[in-house]
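Architecture and fold: a report
For reference, the chains in residue letters:
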Amino acid sequence: MSSNDSPSPRRDRDKGLVDMEQSLSTRQAKEGTPAHRHRIPFLALRRFVFFALALLTAVQGSYMMLDILRANGLTLLELTIWILFVVMFIWLSISFWMGIAGFLVVAFRRDPITLGPARPLDQTLDPTRRIALIMPIYNEDVERVMAGLEATCHSLIETGQASAFDVYLLSDSTDDAVAAREKRAATLLRSRLAPNLTLYYRRRDDNTGRKVGNLSEFCCRWGHFYESMLIIDADSVMGGRTMVGMAATMQANPRLGLLQTVPLPVRADTLFGRFLQFAATLHSPMLAAGQSVWQGDSANYWGHNAILRISAFVESCGLPALPGEPPLGGEILSHDFVEAALLRRAGWEVRLHAGVEESFEELPSNIIDYAKRDRRWCQGNMQHLRLLFARKLHWINRLHFLFGALAFMASLIWIVMLLLSTADAVLLAVSKVQFFTQNYQLFPQWPESRVTLIASLLVITVIMLVLPKLLGLLVALMQRRKEYGGGIKLTISALLEIVYSILLAPLMMAFHAWFVLSILLGRTVSWSSQSRGGRLIPWREAWRRTWSTTLLGILWGTISYYYSPLFFWWLSPVLLGMVTSILLIRFTSSIRAGEWLKRHGLLYIPAEVQEPGVLKHLRRIEEEEEASVSPLEDAQLLPAREHRQQMPIQPLGAYLGIGGAKAPQS
């Protein structure tokens, strides 16, 4: 036990925290609520049915494609195309049935975990079992960060249950000017929240481990005093009732190690941002429900807008470094997937709450900044392939690792498959047809063209891509049409989003394919703060980012049209997105275009039609003039006492030495 005896306006309260032993939460994890109240019925059967349907669909589609390709004999090139198609169709089949499962659950208003009636989060909270509300930050826009945190805290205070919480602003900022502004803002916010809520601010001198190290240091110094920690990002905003409900759910289920909510994007002003937040708000809750149906107690962690049991996190989630150098070695970038896997390996439940709550975030406002964020995620998800065979992990967590990597690798597979298909079409066009392939052959062998089968497979693929989006629209029309501004505007907005998704997909395919290739070539990514504000992308920057994609699209289209016009028209949606990529980036970064759609009630989301209280708080705070205040000393912004504990590094050794990571020798 170490202590800091500096004066603090909340010293008496901190002293009281010392008397609360964190071992209480461990005891409650073994006693307390009967297990039957939190059981997940028919989970094994659900998983069997889900994956059986996905597998049968993939087998049928793959067989149809094989039948098409082997009509005139199967070449090595066509066999390669078929193998790539099988991988992509399996991926598509899983996504399709996930959407169907989510639709059935949401349409009938069922809880995807219990399959009982969907209910809001319980609000029964024991204030003696304390919660830390934590926001890690790194060289962020201080004014926006503090406004969002203050709005979140005021919403929590309005519930009347803020006494169970303390707030920690954990800075890893390396810019001294930014850190100075953080300290002044934290001092001001601390005084504004008192006496209802206590804010602590800590800046690390050494930001080893990035966000993982930031949270680990908190757990090792102050985690002892809290049962759970609710993690929000610098761009997160959460409603008080949602946070209380998450904490109450954690308290009520002693086996629960992590509860993840579905963050919904808000406050976008550019055309790209508005498309993104509309699509996420319309479809994400349904798709999350579909995931939750088969994931059950082995859900994933997305790094924020989630609550974790601190004792479980400390005992189970110390991350080792991967052997070798970045990008595939070194620190694990996408730590959240791995932490969820380690919690599940240790016997804790990890659940996804798919209900629509006041859980919000802000996203990059243009395609370029969005792609930069994806580049970081791509590297982290590719690292997970090295952990596929780590010992004792749950098989669902292995699937999370695989699916996370495939989310980016699928783009490379897709573009290679299309290029090989183009090459096959060109070869067929220039090669001479041989009608007599054997000596003494009486009748000619006519080339076969299975047009009906090709059309059937194309229609099936389009249905599997579009139907989940249409089902998301149907659910919204049945249950929430007024929240989107009315049925007609909702339908028009959903159709616009589908068209935009078709145009955007080829450009994102090109970006993601390049990200995967660059990682395989050894290029790593830097750690930087995320850009979230709206900005119009200059023509020069748009061209610099897309010239190769544009020229490839023009060359690809010219060759395919010259040698195989029919194949060109089949490929035209992909080519259109590639050739117009510079226009897409420039036009969709326009704030004026986004505002025009908003004025006409298009791409509206419920948070705009009926603004939640926490977002009203945020807007009012941003409109206020910043007050001047002298910052407190570091010691005055920290808890008066701390309790040191160790967070052991967990081994992730793999079977037969295939990948994995070992804990360092003590």
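Below is a short write-up of the structure. Everything numeric in this text was worked out from a predicted model, so none of it was measured.

**Quick word on the side chain of Asp 369**
Along the chain, Asp 369 turns up in helix α12 (residues 367-383). Here Arg 535 takes part through its side chain, which lies 3.2 Å from a polar atom of the side chain of Asp 369.

**Quick notes on helix α18 (residues 581-588)**
Of all the positions in α18, only Ser 581, Ile 582, Leu 584, Ile 585 and Thr 588 are classed as buried. Burial along α18 is one-sided: seen end-on, the buried residues are contained in an arc of 165 degrees.

**Some remarks on the packing of aromatic side chains**
In the structure shown here, the tally under the stated rule is 21 aromatic pairs. Of the aromatic side chains, those joined through ring pairs into one cluster are Tyr 168, Tyr 200, Phe 218, Trp 222 and Tyr 226.

**Regarding the pairing of strand β5 (residues 228-231)**
Strand residues, when the strand is regular, have side chains that alternate between the two faces of the sheet. Neither face of β5 is open: one carries Ser 228 and Leu 230, the other Met 229 and Ile 231, and all of them are buried. The sheet contact formed by β5 and strand β9 (residues 306-309) spans 4 bridges and is antiparallel. Paired with Met 229 across the two strands is Leu 308, which belongs to β9.

**Examining the sheet that holds β5**
The 7 strands are arranged β4-β3-β2-β5-β9-β7-β10 in an open sheet whose pairing can be described as mixed. Single-partner strands in this sheet number two, and they are β4 (199-203) and β10 (349-352). Put simply, the sheet's adjacent strands are angled 20 degrees from each other on average, direction ignored. Packing against the sheet, helix α8 (residues 240-252) makes contact with β2 (131-137), β3 (165-171), β5, β7 (256-260) and β9, and its axis sits at approximately 155 degrees to β7.

**Brief notes about the packing of helix α5 (residues 142-158) against α8**
Look at α5 against α8: their axes get within 7 Å of each other, and the N-to-C directions meet at 70 degrees. As the angle between them shows, α5 and α8 are arranged roughly perpendicular. Residues Thr 152, Ser 155 and Leu 156 of α5 lie in contact with α8, whose contacting residues are Gly 240, Met 243 and Val 244. Split by residue class, the contact of α5 with α8 holds 3 nonpolar, 3 polar and no charged.

**Quick word on the nonpolar core**
Residues Ile 134, Tyr 168, Phe 218, Met 229 and Ile 367 are the most contacted members of the largest nonpolar core, which totals 114 residues. A total of 12 residues in this core trace back to one element, the largest contributor, which is helix α15 (residues 487-520). Those residues in contact with Tyr 168, other than ones at most four positions away along the chain, are Ala 132, Leu 133, Ile 134, Met 135, Tyr 200, Phe 218, Trp 222, Tyr 226 and Pro 639. The next biggest cluster of nonpolar side chains, apart from the first, holds 41 residues, and it includes Leu 121, Leu 133, Ala 185 and Leu 197.

**Quick look at the side chain of Asp 336**
Mapping Asp 336 onto the fold places it in helix α11 (residues 335-345). Lys 211 provides the closest opposite charge to the buried, unpaired Asp 336, separated from it by 6.5 Å. The contact partners of Asp 336, leaving out residues within four places of it in the chain, are Tyr 301, Trp 302 and Gly 303.

**Re the packing of helix α9 (residues 271-295) against α15**
Their axes nearest at 10 Å, the elements α9 and α15 cross at an angle of 115 degrees. Judged by the inter-axis angle, α9 sits roughly perpendicular to α15. α9 and α15 meet at a crossing whose hand is left-handed. Contacts from Phe 272, Phe 275, Phe 278, Ala 279, Leu 282 and His 283 of α9 reach α15 at Leu 490, Ser 493, Ala 494, Leu 496, Glu 497, Tyr 500 and Leu 504. Residues belonging to the contact of α9 with α15 are distributed by class as follows: 10 nonpolar, 2 polar and 1 charged.

Rules used throughout
Numbers given to residues run from 1 along each chain, matching the order in which its sequence is written. Totals for whole chains, interfaces and linings use all residues, but because this is a predicted model, local features are given only for residues with pLDDT of at least 70 and pairs of side-chain atoms are given and counted only at 80 or more. In computing side-chain properties, one takes all heavy atoms of the structure into account and sets aside hydrogens as well as water. A run of DSSP states H or I qualifies as a helix once it reaches four residues; a run of E qualifies as a strand once it reaches two. Both are numbered from the N-terminal end. Polar contact is the term for a pair of N or O atoms within 3.5 Å; when the atoms are in protein, one must be able to donate a hydrogen and the other to accept it, and sequence-neighboring residues count only if both atoms are side-chain atoms. Only protein chains enter the accessibility calculation, which uses a 1.4 Å probe; a residue is then buried when its area is under 20% of its type maximum, exposed when over 50%, and partly exposed in between. Each direction from the helix axis to a C-beta atom contributes to the arc, which is the arc of those directions. Between the rings of Phe, Tyr and Trp (Trp by its six-membered ring), a pair exists once the centres lie within 6.5 Å; its type follows the angle of the planes, with under 30 degrees stacked, over 60 edge-to-face, and the other angles tilted. Whether two strands pair depends on DSSP finding at least two bridges between them. Only the stretch in contact is used when a helix axis is fitted, and all axes are lines through C-alpha atoms; the angle between N-to-C directions ranges over 0 to 180 degrees. Contacts between residues were defined by any pair of non-hydrogen atoms, one from each residue, lying within 4.5 Å. Under this scheme an angle from 65 to 115 degrees is roughly perpendicular, one under 35 degrees roughly parallel, and one over 145 degrees roughly antiparallel; angles in between are oblique. Asp, Glu, Lys and Arg are counted as charged, while Ala, Val, Leu, Ile, Met, Phe, Trp, Tyr, Cys and Pro are counted as nonpolar; the rest, among them Gly, fall into the polar class. Here, nonpolar core refers to any group of buried Ala, Val, Leu, Ile, Met, Phe, Trp, Tyr and Cys residues whose side-chain atoms link them within 4.5 Å. All tallies of charge rest on Lys and Arg as positive and Asp and Glu as negative; His and the ends of each chain are not included. Between Lys or Arg on one side and Asp or Glu on the other, a salt bridge is scored when a side-chain nitrogen of the former is within 4 Å of a carboxyl oxygen of the latter. By convention the crossing between two helices is left-handed if the near helix lies anticlockwise of the far one by an angle smaller than a right angle, and right-handed if it lies clockwise.

Keep in mind these values describe shape, not function.
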